[in-house]
Structure formats: C-alpha cells, structure tokens
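Each chain, written out:
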Amino acid sequence: MSGPGPGDPVAPDAARGPEGAPVPGGAGVAGGRSPAGAPGMDGGGWLPPPTTAAWRHAGARVGFEVAYLRTHGTGWRLEGGTTAVEAGETWMVEYLVEVDASWTTHHARITSRCTSGLFHLEVEADGTGSWRLDGRTAPQLQGCLDLDLESSVLTNALPVHRLGLAPGARAEAPAAYVRVPLLAVERLAQRYERLAGEEGRYAYAAPAFEVATELRVDASGLVVSYPDLAVREL
C-alpha cells in the first residue's frame, strides 16, 4: 500500500468478476503476535508469520484490516479484508493472495464494494514478470513481481520478504498496484531500502504519489507501523 495518489489510475484494467493448513507454530510468539525488532531478521531470514494480523488504518482513511495467513504448498495464502471511510465515501475490499516460498505473487482474487456497486478482479502471474487480469494479458505490468493493494498493509510484506535485503541495501520493486474501490490496476514504481542499525526499519518510496516514509516491520516481515496510514493492532 503506497497511500492515496492524485489523478486517475494509469492503464486501468477494472475487474469482473481451498483452504491451506494452519501455519506451524504461528510466529513463534505467544498469541501469534510478533513484536517489532524481534530477533530472526538478519540476512533477510524471517520467522513464520502469525496465523492472523490486524491493522488500524488512520490518516489517509479511517478503517480496519484483518488478515489470515496459511501455508499453501511451499508458499502462503493471504486472506483478508479492509473496511474504510475515505473522502466521505465508504468502501470494503476482500482479498485472497497466493505467493510462493519467496513471496512472489502468483494469484489473487479481489472483491470490492462501494456505493457505485460490486467489483471483482482475478489476477494471475507467472512469477517471472508476466501478468493476466481477468484472463487478459497486462503488458503494462511486465517485470513486476509483487501485487500491492491500495487497501492493504499486508501486501507491503511481499517485497520485504522477496527482496531479502541486507542492512544498507536498496532495490527497486515495481508492483501491480490495485486501486480502490474500482479495482483498476496500474504499474507503480517503488523502492525499498533496509536501514542499518535497529532491526525492522525500511525506507520506502513511491515517487508517483510523492510518498517517502519509514516502515517498521516485525520479525515475520509484517508491517508494524506505516506513518500516516496504518498501525498494527495484533
């Protein structure tokens, strides 16, 4: 989630539209909670994510997000939803995202509801940079490896995991960015830098939205704090 951006989405592809086993041992922390700065992050190594997580959205919007994380083959299935009020309008988004062991996106199903109606989007990716949206090729997304939902803080964990940055390292991470509530999709340039020093700090930038901020993540790579957008509640 990069935060709201000005103007209309670029190259919109608006949408139409098995449950994995529980995560063994959760996050290794009582109650499934992973505190920021916990051990296990050196060299890009992560603890298993908790079975559930939740964030309070505040700033750009007022809302709440709840997610459930389960193993899926050698990867993960991320299921959740966000309800919010933004600019005087209500919306709700439900998502299912499947990633492989490296947290590279392979499949997603997203549903959105607002006063304009109900919208659905099916996303397929081959893991090497090619994408299909509702069965149609999406050349504007060529080279992207991550799905980023405007409605979700959870999806910031995808590039954090996949890149496995060492302290002081940075990388470009263009993403297939899904706008809400109409589920238009665009390519979004993003950059992540793992900051040296205290664990769990990443400099994040999305120049198209003039976003430059510092994310805090826990030992399982999930966002704990996203300034002016969201804070972890569980």
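Refer to the structure printed above.
Our subject in this report is the structure included herewith. (Residues numbered from 1 in each chain as written. Predicted model: local features only at pLDDT ≥ 70, side-chain atom pairs only at ≥ 80, totals over all residues. Heavy atoms only, no water.)

1. Section: the environment of I110
Then, in step 1: One can find I110 in strand 5 (residues 105-114).
Then, in step 2: I110 gets classed as buried once you look at its relative accessible area, which sits at 1%.
Then, in step 3: Here the alpha-carbon distance between I110 and G81, two residues 29 residues apart in the chain, equals 9.3 Å.
Then, in step 4: Those residues in contact with I110 that sit more than four places away from it in its chain are V93, E94, Y95, F119, H120, L121, L147, L149, V178 and L183. (Helix = DSSP H or I, 4+ residues; strand = E, 2+ residues; numbered from the N terminus. Buried < 20%, exposed > 50% of the residue type's maximum accessible area, 1.4 Å probe, protein only. Contact = heavy atoms within 4.5 Å.)

2. Some points on unusual backbone geometry
Then, in step 1: Note the cis peptide between V180 and P181, where omega equals 5°.
Then, in step 2: Checked against the element boundaries, P181 lands in the loop between strand 11 (175-178) and strand 12 (185-188).
Then, in step 3: In the Ramachandran plot, W103 falls in the positive-phi region, its phi being about 70° despite a non-glycine side chain.
Then, in step 4: As for its position among the elements, W103 is in the loop between strand 4 (89-99) and strand 5.
Then, in step 5: Positive phi, close to 65°, is recorded for D228, a residue that is not glycine.

3. Re the nonpolar core
Then, in step 1: Counting residues in each nonpolar core, the largest one holds 57 residues, and the members touching the most others are W55, I110, W131 and L147.
Then, in step 2: A total of five residues in this core trace back to one element, the largest contributor, which is strand 4. (Core = buried A, V, L, I, M, F, W, Y, C linked by side-chain atoms within 4.5 Å.)

4. Regarding the pattern of salt bridges
Then, in step 1: Following the criterion strictly, the structure yields 13 salt bridges and no others.
Then, in step 2: The salt bridge involving R61 is made with E86; its shortest N-O contact spans 3.4 Å. Taken together, the positions of R61 in the loop between strand 1 (52-57) and strand 2 (62-72) and E86 in strand 3 (residues 75-86) put the pair 25 residues apart, joining distant regions of the chain.
Then, in step 3: What makes E86 buried here is its relative accessible area of 16%.
Then, in step 4: With a closest N to O distance of 3.9 Å, R191 and E172 form a salt bridge. Here E172 lies in strand 10 (residues 170-172) and R191 lies in strand 13 (residues 191-194), a separation of 19 residues in the sequence.
Then, in step 5: By relative accessible area, R191 is classed as partly exposed at 28%.
Then, in step 6: Classification of E172 as exposed rests on a relative accessible area of 51%.
Then, in step 7: Among the charged side chains, a network of salt bridges with common partners joins E150, R179 and E186. (Salt bridge = Lys/Arg side-chain N within 4 Å of Asp/Glu carboxyl O.)

5. Looking at the sheet that holds strand 9 (residues 146-149)
Then, in step 1: Ordered in space as 9-11-12, the three strands form an open sheet in which the pairing is mixed. A single partner strand is all that each edge strand has here, and the edge strands are strand 9 and strand 12. Averaged over all neighbouring strand pairs, the angle between strand axes comes to 35°, with direction disregarded.
Then, in step 2: The pairing of strand 9 with strand 11 spans four bridges and is parallel. Across the sheet, L149 pairs through a bridge with V178, a residue of strand 11. (Pairing = 2+ DSSP bridges. Axes fitted to C-alpha atoms, helices over the stretch in contact; angles between N-to-C directions.)

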